[in-house]
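Next come the chains, spelled out residue by residue.
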Amino acid sequence: MAKITLVDDDENIVASVSLALESHGHTVKAYYDGAAGLAALETEPPDLAILDVKMPRMDGMEVLRRLRRTSDIPVIILTSKDEEIDEILGFNLGADDYIHKPFSQRLLIERVKAVLRRAGIETEEPSSAAAAAAAAEGARAIKRGKLTLDPARHDCLWDGKPVKLTVTEFLLLQSLAQRPGFVKSRDNLMDAAYDDQVYVDDRTIDSHIKRMRKKFRDVDPEFDAIETLYGVGYRYRET
């Protein structure tokens, strides 16, 4: 199962979340402030990080901001706030999912399972031959012009240069690059990158695409392979 780092200053939350995750076979390391959590994430990268927003010494958004400079490990944000701007900021910084407090253990486990699955970390055996075939198809390397995607290794290269993508960004790009020239609506992209039980709005997909384009333009200022068709969606243009 997965190695999970939990960073939250609420001892009750840490205890209940750790118990829920460990009961499903995961290994949990907990930290009670952002600075300690960031140090642990950088020295012992887990399979998944769960970060609270409001914490002493360093808040969860700053932890995420600094973590994304060097790491693309999946991140779930926890928050007691109910403001849309916080959620949008979290996705813009590279969060893979968002859970509002209070939440049920069942919801937490399903979200964790979904993010791990999108990251290629299996938490249960495939239920059928069809599922195994779908997994094999998803693991096949893709070469489109200057782009090379290797899902099995979570590697992305542009003209031979590495581009570090989060799990969600990788899945969105994979969906687009699998059928260059074909338009993918935001709903199509949501289906490719998010579990059925997770709802995100159009702006979340737009934020991920914007962040992804910036990463490619840091490598190649002329990058223009992801096209926006306003009011319709996005498509990958093979150059």
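We now turn to the structure provided with this report. (Residues numbered from 1 in each chain as written. Predicted model: local features only at pLDDT ≥ 70, side-chain atom pairs only at ≥ 80, totals over all residues. Heavy atoms only, no water.)

1. Some details on the overall build of the protein chain
Then, in step 1: Assigned secondary structure in the protein chain consists of nine helices and 11 strands.
Then, in step 2: Split into buried and exposed, the 239 residues of the protein chain put 47% on the buried side.
Then, in step 3: Counted over contacts in the protein chain with a minimum sequence separation of 6, partners at least 24 positions apart contribute 59%.
Then, in step 4: Put simply, the protein chain shows about 12,000 Å² of open surface, and 49% of that area lies on carbon and sulfur atoms. (Helix = DSSP H or I, 4+ residues; strand = E, 2+ residues; numbered from the N terminus. Buried < 20%, exposed > 50% of the residue type's maximum accessible area, 1.4 Å probe, protein only. Contact = heavy atoms within 4.5 Å. Areas by Shrake-Rupley, 256 points an atom, 1.4 Å probe, with all protein chains shown as cover.)

2. Side note on the packing of helix H1 (residues 11-23) against helix H5 (residues 105-118)
Then, in step 1: Contact geometry for H1 and H5: axes closest at 10 Å, N-to-C directions at 60 degrees. Viewed along their axes, H1 and H5 adopt a mutual orientation that is oblique. Crossing hand, H1 versus H5: right-handed. Packed against H1, whose contacting residues are Ser16, Val17, Ala20 and Leu21, the element H5 presents Gln105, Leu108, Ile109 and Val112 at the interface. (Axes fitted to C-alpha atoms, helices over the stretch in contact; angles between N-to-C directions. Parallel < 35°, antiparallel > 145°, perpendicular 65-115°, else oblique. Left-handed = near helix turned anticlockwise from the far one by under 90°.)

3. Comments concerning helix H3 (residues 60-67)
Then, in step 1: Buried residues of H3: Gly60, Met61, Val63, Leu64 and Leu67, and no others. Buried residues of H3, viewed axially, fall in a sector of 160 degrees; they line one side.
Then, in step 2: With a side-chain oxygen lying 3.1 Å from the backbone nitrogen of methionine 61, the N-terminal cap of H3 falls on aspartate 59. (Arc of directions from axis to C-beta. Polar contact = N/O pair within 3.5 Å; in protein donor to acceptor, adjacent residues only side chain to side chain.)

4. Quick notes on the pairing of strand E1 (residues 3-7)
Then, in step 1: Here E1 lies mainly inside the structure; four of its five residues are buried.
Then, in step 2: You can see the chain leave E1, run along H1 and come back into strand E2 (residues 27-31), and the turn it takes is right-handed.
Then, in step 3: Examined bridge by bridge, E1 and strand E3 (residues 48-52) share four bridges and lie parallel to one another. Of the residues in E3, the one forming a bridge with isoleucine 4 is leucine 48. (Right-handed = clockwise from strand over helix to strand, strands pointing away. Pairing = 2+ DSSP bridges.)

5. Some details on the sheet that holds strand E5 (residues 97-100)
Then, in step 1: Strand order in this open sheet of five strands is E2-E1-E3-E4-E5, and the pairing throughout is parallel. The open sheet terminates on both sides in strands that have one partner only, identified here as E2 and E5. Shown here is a sheet whose adjacent strand axes are inclined to one another by a mean of 20 degrees, direction ignored.
Then, in step 2: Sheet analysis places E1 next to E2, joined by five bridges and oriented parallel. Counted as the bridge partner of lysine 3 is threonine 27 from E2.
Then, in step 3: Strand contacts of H3: E3, strand E4 (75-79) and E5, with the helix running at about 145 degrees to E3, the strand carrying the most contacts.
Then, in step 4: Sheet contacts for H5: E1, E3, E4 and E5; angle to E5, the most-contacted strand, approximately 175 degrees.

6. Concerning the environment of lysine 184
Then, in step 1: Tracing the sequence through the fold places lysine 184 in the loop between helix H7 (167-178) and helix H8 (186-193).
Then, in step 2: Assessed through its relative accessible area of 15%, lysine 184 is described here as buried.
Then, in step 3: Beyond its immediate sequence surroundings of up to four residues, lysine 184 is in contact with Ser175, Leu176, Leu189, Val232, Gly233 and Tyr234.

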